[in-house]
Amino acid sequence: MTTRLTVAQALVRFLAAQYTERDGVRQRLIGATWGIFGHGNVAGLGQALLEHAERMPFHQGRNEQAMVHAAVGYARQSNRLSTHAVTTSIGPGATNLVTGAALATINHLPVLLLPGDIFATRPADPVLQQLEVPYAGDVSVNDCLRPVSRYFDRITRPEALIPSALNAMRVLTDPVETGAVTLALPQDVQAEAYDWPEEFFAERTWTVRRPGADPTELLETVHTIRAAKRPLIVAGGGVHHSRAEEALAEFAETTGIPVASTQAGKGSLRHDHPQDVGGIGHTGTATADELARTADLVIGVGTRYTDFTTASGTLFAHPDVRFLNLNIAPFDGHKLAGQTLIADARSGLQELTDALRLHAHRVAGGYATEYTEDKERWEQRVDACYEVDEPDTRPTQPQVLGVLDALVDESDILINAAGSLPGDLHKLWRTRSRDQYHLEYGYSCMGYEIPAAIGVKMAAPDRPVWALVGDGTYLMMPTEIVTAVQEGVAIKVLIIQNHGYASIGGLSESVGGERFGTAYRYPSDDGSYTGPPLPVDLAANAASLGMRVLRAKTVRDLREALAEARAADTPTCVYVETQTADTVSGAPPAQAWWDVPVAETATRPSAVKARELYERHVSTRRRHL
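Residues numbered from 1 in each chain as written. Predicted model: local features only at pLDDT ≥ 70, side-chain atom pairs only at ≥ 80, totals over all residues. Heavy atoms only, no water.

## Overview of the overall build of the chain
Item 1. Helix and strand counts for the chain stand at 24 helices and 23 strands.
Item 2. Its C-alpha atoms give the chain a radius of gyration of 25 Å, near enough to 25 Å, the size a compact globule of 625 residues would have.
Item 3. Here the C-alpha coordinates of the chain stretch approximately 70 × 70 × 55 Å along the principal axes.
Item 4. Put simply, the chain has 625 residues, and 59% of those count as buried.
Item 5. Long-range contacts, defined here as pairs at least 24 residues apart, represent 77% of the contacts in the chain between residues at least 6 apart.
Item 6. If you sum the accessible surface of the chain, you get close to 24600 Å²; carbon and sulfur atoms cover 52% of it.
Item 7. Between the averaged position of the 57 positive side-chain charges in the chain and that of its 75 negative side-chain charges there is a distance of 2 Å. (Helix = DSSP H or I, 4+ residues; strand = E, 2+ residues; numbered from the N terminus. Rg over C-alpha atoms; globule rule 2.2 N^0.38 Å. Buried < 20%, exposed > 50% of the residue type's maximum accessible area, 1.4 Å probe, protein only. Contact = heavy atoms within 4.5 Å. Areas by Shrake-Rupley, 256 points an atom, 1.4 Å probe, with all protein chains shown as cover. Lys, Arg positive; Asp, Glu negative; His and termini not counted. Charge placed at Lys NZ, Arg CZ, Asp CG, Glu CD.)

Next comes the structure, spelled out in structure tokens:
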């Protein structure tokens, strides 16, 4: 039995019938579709979404990249078990997807991309917005999406959709393979009719696996942990994706092993858990980084070991340090020449806990006392950063976080991605719940925060959701404020004005760049941007896009404005200018190095001095083999 539909109509019906299931919980895989329409998709997918509006919810976006960010935010908040699709026209609409696709794939977060494509039948050559490639007739701008997609296909005939759509769902629901999935849809094929087998539209449930550990690997892992004197756990984003937070807490409590967290893994334990020692690496705490320097065994759980985590290969300094990696992805499990335990994070931790409990294994009491006392000293530094002596003055950036810290509870979700805020948050923020801390630091994409907040709020409509942005990030992508207003998505946006790229300004200064080109100021006679701040009013801009805006000039104002915003049931923005406009933040400096190469030859004294320091740091780098 068959049903005659266009390719686009068939795809929408198919997507509406896909489900995931994990731990006995079943939910829809594609919760909605975002779209901006042009000639490449308006008559195909646009018509199909109208035709099947009762099957597939639709959201209108303003920027194609931002639509992907919103879908990714929704997917992360949904534990990768549900996501959104994104459709665009051909040409610039399609290429605008590339940044969002890269972000999704780097962070192992599922999103389905449905860009329009040039005619498969080529009735005219070229058509509007077509890229002509002299050596290949089957290339379009959508091929830019190949390297940033975990699965890519171009549907040049209707019947090709059937295997391709099934493969797309397989990749989206695979905890190892997941990321951006692209089905490029030629505009003529979208509108072409075909007799589809009814079985194609039957409900399908894709089981998200929780593979357990290999018995031999598990036995070797237990032996390795029992032999270690100063073990340290590095919790990555895989802990959250697996919902392994409780299993990690039980493992840490049973063994006494301290837990440091990457940006993606922060919140794996609550900030006040006895074994939590805070963020690790370049943006980490002194407590975690000192433990990392002296650890003889590093137990990575669901982490990719980026250069921020390893301090560019300089952090793990113990001469006999070894790595033990619990990861569902063999590619990540083998990093740093690590001993592997290839398994789902929750399953692997539960098996490890049971095995070590049989041996009554626990770290030495002196080691636990050491990291507990170090953590207490770090918390005193956090208190000092948050402390306010003069409530009627402008706040520093850490004081802004301190005011927010005093206001929120475990229901609040904070979203950030770029600038100086990730460093301050990783060091200072006291995470109260498993999903409160939402940092996109795999791609560190400026402009992610506001659209991602919309996606997160759609997935968690009853929770306060905050997008924390600096002025540089805000100017990258404020357009989805219009979407939040239109859809009634009551996100809270906190704009921190420091007149430029403060984070990169600080980095520039440290590597001999003298903050060149990093400030939002008028140019001076020498060509540097060191004149007065620009007369840009970001609060007025947000208000012009339809958002309610609260301005805060002092710490006292800020407390009132944030409380009012938190209680609001409409999209609300709080705008504050920080006290230290020409410095990064005033938070504790980096507790570990990060490799940003410095000019090997230079005449300016700042660069010469920076190069000398760089060479000292580089000399401490290790290759862990």
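## Here we look at the nonpolar core
Item 1. Judged by nonpolar contacts, the single largest core of 49 residues is most densely connected at Ile225 and Ile280.
Item 2. Membership of the second largest hydrophobic core comes to 48 residues, among which are Ile36, Leu103, Tyr448 and Val456. (Core = buried A, V, L, I, M, F, W, Y, C linked by side-chain atoms within 4.5 Å.)

## Points about helix H14 (residues 345–358)
Item 1. Over its 14 residues, H14 runs 20 Å from end to end, which matches the ideal 20 Å to within 8%, given 1.5 Å per residue.
Item 2. Regarding H14, the residues found buried are Ala345, Ser347, Gly348, Leu349, Leu352, Thr353, Ala355 and Leu356.
Item 3. Buried-residue contacts for H14 involve helix H8 (215–227), helix H9 (237–241), helix H10 (245–255), strand S15 (297–301), strand S16 (322–327) and strand S17 (339–342).
Item 4. Once H14 ends, the next one or two residues include Ala360, with phi positive near 50°. (Expected span 1.5 Å × (residues − 1).)

## Some points on a nonpolar patch on the surface
Item 1. Taken together, the side chains of Leu475, Tyr522, Leu534 and Val536 define a hydrophobic patch exposed on the protein surface, amounting to about 330 Å² of accessible area.
Item 2. Tracing the backbone shows Leu475 in helix H19 (residues 471–476).
Item 3. Taking the relative accessible area as the measure of exposure, Leu475 reaches 42% and is therefore partly exposed. (Patch = residues over 30% accessible without salt bridge, like charges linked within 9 Å, V, L, I, M, F, W, Y side chains within 5 Å. Salt bridge = Lys/Arg side-chain N within 4 Å of Asp/Glu carboxyl O.)

## Remarks on the state of the cysteines
Item 1. Under the defined criterion, the tally for this structure stands at zero disulfides.
Item 2. Summary of cysteine pairing: Cys144 is not part of a disulfide, and the nearest cysteine sulfur, belonging to Cys445, is at 16 Å.
Item 3. We classify Cys144 as partly exposed; its relative accessible area is 42%.
Item 4. Overall, the relative accessible area of 7% leaves Cys445 in the buried class. (Disulfide = S-S within 2.5 Å.)

## A few points about the pattern of salt bridges
Item 1. This model, assessed by the stated rule, comprises 37 salt bridges.
Item 2. Here Asp143 and Arg146 are joined by a salt bridge, their closest N and O atoms 2.6 Å apart.
Item 3. Among the salt bridges present, the one from Arg357 reaches Asp354, with a minimum N-O distance of 3.5 Å. Within this pair, Arg357 and its partner Asp354 are both found in helix H14, separated by three residues, close to a single helical turn.
Item 4. Classification of Asp354 by relative accessible area gives partly exposed; the value is 47%.

## Observations concerning the sheet that holds strand S11 (residues 204–207)
Item 1. Read across the sheet, three strands follow the order S3-S2-S11 without closing on themselves; strand pairing throughout is mixed. Looking at strand neighbours, the two that pair on one side only are strand S3 (25–28) and S11, the edges of this open sheet. Averaged over neighbouring strand pairs, the angle between their axes works out to 30° when direction is ignored.
Item 2. Sheet analysis places strand S2 (residues 18–22) next to S11, joined by four bridges and oriented parallel. (Pairing = 2+ DSSP bridges. Axes fitted to C-alpha atoms, helices over the stretch in contact; angles between N-to-C directions.)

## Some points on the sheet that holds strand S22 (residues 548–552)
Item 1. Reading across from one edge, S19-S18-S20-S21-S23-S22 is the order of the six strands in this open sheet, with parallel pairing throughout. The open sheet has two edge strands, strand S19 (437–439) and S22, and neither has a second partner. Put simply, the sheet's adjacent strands are angled 20° from each other on average, direction ignored.
Item 2. Here six bridges tie strand S21 (residues 492–497) to strand S23 (residues 572–577), and the two strands are oriented parallel to one another. Bridge pairing in S23 places Lys492 opposite Thr572.
Item 3. Along the sheet, helix H23 (residues 555–567) contacts strand S20 (465–470), S21, S22 and S23; its crossing angle with S22, the most-contacted strand, is approximately 160°.

## Some thoughts on the packing of aromatic side chains
Item 1. Applying the stated criterion across every chain, the model contains eleven aromatic pairs.
Item 2. Note on Tyr305 and Phe323: the rings are 6.0 Å apart at their centroids and 85° apart in plane angle, and the pair reads as edge-to-face. In this pair, Tyr305 sits in the loop between S15 and helix H12 (307–310) while Phe323 sits in strand S16, placing the two residues 18 residues apart along the sequence.
Item 3. Take Phe323: its relative accessible area is 5%, and that puts it in the buried class.
Item 4. The rings of Phe14, Tyr194, Trp196, Phe200 and Phe201 are connected pair by pair, giving a single aromatic cluster.
Item 5. Lying over the aromatic face of Phe201, Arg13 brings its terminal NZ or CZ to 4.2 Å of the ring centre.
Item 6. Looking at Arg26, its charged tip hangs above the ring of Tyr19, at a distance of 3.8 Å from the centre. (Phe/Tyr/Trp six-rings, centres within 6.5 Å; stacked < 30°, edge-to-face > 60°. Lys NZ or Arg CZ within 6 Å of the ring centre and 35° of its normal.)

## With respect to the pairing of S2
Item 1. Most of S2 sits out of view: four of its five residues are buried.
Item 2. Pairing analysis gives four bridges linking S2 to S3, with the strands arranged antiparallel. Counterpart to Tyr19 in the pairing with S3 is Arg28.
Item 3. Adjacent in sequence and paired antiparallel, S2 and S3 are bridged by two residues, among which Asp23 carries a positive phi angle near 55°.

## What to know about the side chain of Thr310
Item 1. Note on placement: Thr310 falls in helix H12.
Item 2. On the accessibility criterion, Thr310 (8% relative accessible area) is buried.
Item 3. Non-local contacts of Thr310, meaning those with residues more than four positions away in its chain, are made with Tyr305, Leu315, Phe316 and Leu336.

## Topic: helix H1 (residues 7–16)
Item 1. The buried fraction of H1 is high, at ten of ten residues.
Item 2. Among all positions of H1, only Val7, Ala8, Gln9, Ala10, Leu11, Val12, Arg13, Phe14, Leu15 and Ala16 are buried.

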